[in-house]
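Residues per chain are reported as follows:
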Amino acid sequence: MLYSMSSKTIAALLANMGFILQVSGILTILPIVASFLLNETSETTIALFITSMSFLVLGFLTNSLCEKKEMTYKQSCILIVSVFVILSIIGSIPYMYIQITSGDMLALVTDSLFESVSGYTSTGFTIIPDLSVLPQSIILYRALTQFIGGIGIVLVLLAFFYPEAKLKEFARSMGYGKNNNRIKKTFLFIIGLDCVFTAVMIAIGYAFGYHDVIALASSVFSAVSTGGFSPVNDFNALVTQTPLGVILPICMVFGASNILVFAGLFRKKFKEYFNSEITVLLVLIAALTAIMTIFYGLNSYDAGFHVISAMSTCGFSYLPLSTWGDSLKLLLVTLMFVGGASFSTAGGVKIYRIMLLLKSVPTTVANAVTGKEIKVRLFEKEYDNSAIIQTGIMVFLTSALIIVSSLVVSYSGGFNWVDALFECTAAVGTTGLSVGIASPSMALGLKWLFMALMLVGRVEIIVFLVMFSRVKEKRVSNGNTYDFTKKTGAESMDAYLSSEPDVPSEASSESPAPE
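All of the points below concern the structure found in this document. (Residues numbered from 1 in each chain as written. Predicted model: local features only at pLDDT ≥ 70, side-chain atom pairs only at ≥ 80, totals over all residues. Heavy atoms only, no water.)

A short note on the overall build of the protein chain
Line of reasoning, step 1. The helix and strand inventory of the protein chain stands at 23 helices and 2 strands.
Line of reasoning, step 2. Residue burial in the protein chain is summarised as follows: out of 515 residues, 58% are buried.
Line of reasoning, step 3. Within the protein chain, counting contacts between residues at least 6 apart in sequence, those at least 24 apart form 71% of the total.
Line of reasoning, step 4. Roughly 20400 Å² of accessible area belongs to the protein chain as shown, and the carbon and sulfur atoms make up 66% of that amount. (Helix = DSSP H or I, 4+ residues; strand = E, 2+ residues; numbered from the N terminus. Buried < 20%, exposed > 50% of the residue type's maximum accessible area, 1.4 Å probe, protein only. Contact = heavy atoms within 4.5 Å. Areas by Shrake-Rupley, 256 points an atom, 1.4 Å probe, with all protein chains shown as cover.)

Examining the environment of V85
Line of reasoning, step 1. Here V85 shows up in helix α4 (residues 73-91).
Line of reasoning, step 2. V85 gets classed as partly exposed once you look at its relative accessible area, which sits at 32%.
Line of reasoning, step 3. When the C-alpha positions of V85 and V117 are compared, they lie 7.9 Å apart, and in sequence the two are 32 residues distant.

Description of the packing of aromatic side chains
Line of reasoning, step 1. In the structure shown here, the tally under the stated rule is 9 aromatic pairs.
Line of reasoning, step 2. Centre to centre, the rings of F125 and F450 are 6.0 Å apart; their planes meet at 85°, and the pair counts as edge-to-face. Placement of F125 in the loop between α6 (105-120) and α7 (136-161) and of F450 in helix α21 (residues 444-459) is noted, with a sequence separation of 325 residues between them. The exposure classification of F125 matches that of F450, with both residues buried.
Line of reasoning, step 3. The interplanar angle of 55° and the centroid separation of 6.4 Å between the aromatic rings of F235 and F305 together place this pair among those described as tilted. With F235 in helix α11 (residues 235-239) and F305 in helix α16 (residues 300-311), the pair connects residues that are 70 residues apart, well separated along the chain.
Line of reasoning, step 4. For F235, a relative accessible area of 5% translates into the label buried. (Phe/Tyr/Trp six-rings, centres within 6.5 Å; stacked < 30°, edge-to-face > 60°.)

This is how it looks when you write it as structure tokens:
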């Protein structure tokens, strides 16, 4: 069960959460402005205004009444889960206010919350039967929730999820020493890079002839944040527009790439760029596109677009996936399960985790023969047996969650098991590709199940286990937090951050971060 928290712990959680809510409230002003400019009904403007003010007022109260302090790993896990839950609840207000679906109050609340969870977890499932009836500002708001949950949450992770010792180790790995001002500048640069790239892609799309600004901005927001919400009913017509047919795949690849490696390019770390998950991602996209073209009869563009969509866990699709054969569906299931690079907005278990497990096989044999511990080296970083075991546990638990939930969906809904597996993988991988199960007609209980899967997939299952763990954290004498993952064997930090206690002279193990 969730360990009992003191009043000081709760205050620290609320204070850190306050900043996140305030940022969300400020960003929600953008669709409010769009509502005014488009002369939409007052009902739409009021719905968005209530949402923005709810974020701002709650964020101001929690931020001003509570003192923000450095948090332990377990507290940070509670924070990150609480953030997504609260964002989803408040974010459902516009959908409830304008009544996006028909039915009783329970159905409306469920559908509104489903759409909100799907947005903030950057999944892209939708239960709205007809997007054409939605106000344009709500279309923009849907896309913005993905941007907040995908890219915005990176800022949250960097600002709050790592204690000071972690930030120092991260700075050292990037060549910045232990200068806290440089650390903050690096973090701001990373967020700025995402925002500038998004703005440039929107500008290019407009310059090359696509002048529906709301649909253009919404599509780019979705692609960069690997969210997958389509702004129109006929996504095929949107993609066949020349600029978006090129822009969206580029945005999806960018969103699925390790943003820290991109940041390194500005410090002339070209070798690190080519010796990274990004190269593996691009090679896999090319190889799998060829396979789908040769063996499944798709044209190269259709194959490439859907391979990118699945691996980036964006979830854009303009082909009827429900008509595809089981073997092709299982191929996409594999791609969604693997996902993109670490420290990206993509979901899945991440490319480097799979590569680490594959590389550990011959090393494990060598360890058994020689009786010595030989560390696995991947992308210029070394991983000991503990890190490999933790990675294996993460992949195993994610696989088990998908299989068990797919059996539940198949049995309760009467769906083909491959289709159920496809849909559950899309939910846990926060992909949003669908064969038709996640739809407005889906049973109420399954909608709640998929909401849970999307939330777990967004923050990763280990975070939930840490939340409910009864193992007590301890602090070292210098006041810095001892890494809780060392005591539980559970890690979900990024491969660029050290997982060891504050002993700079020791070699550290590496671990992944939530998307």
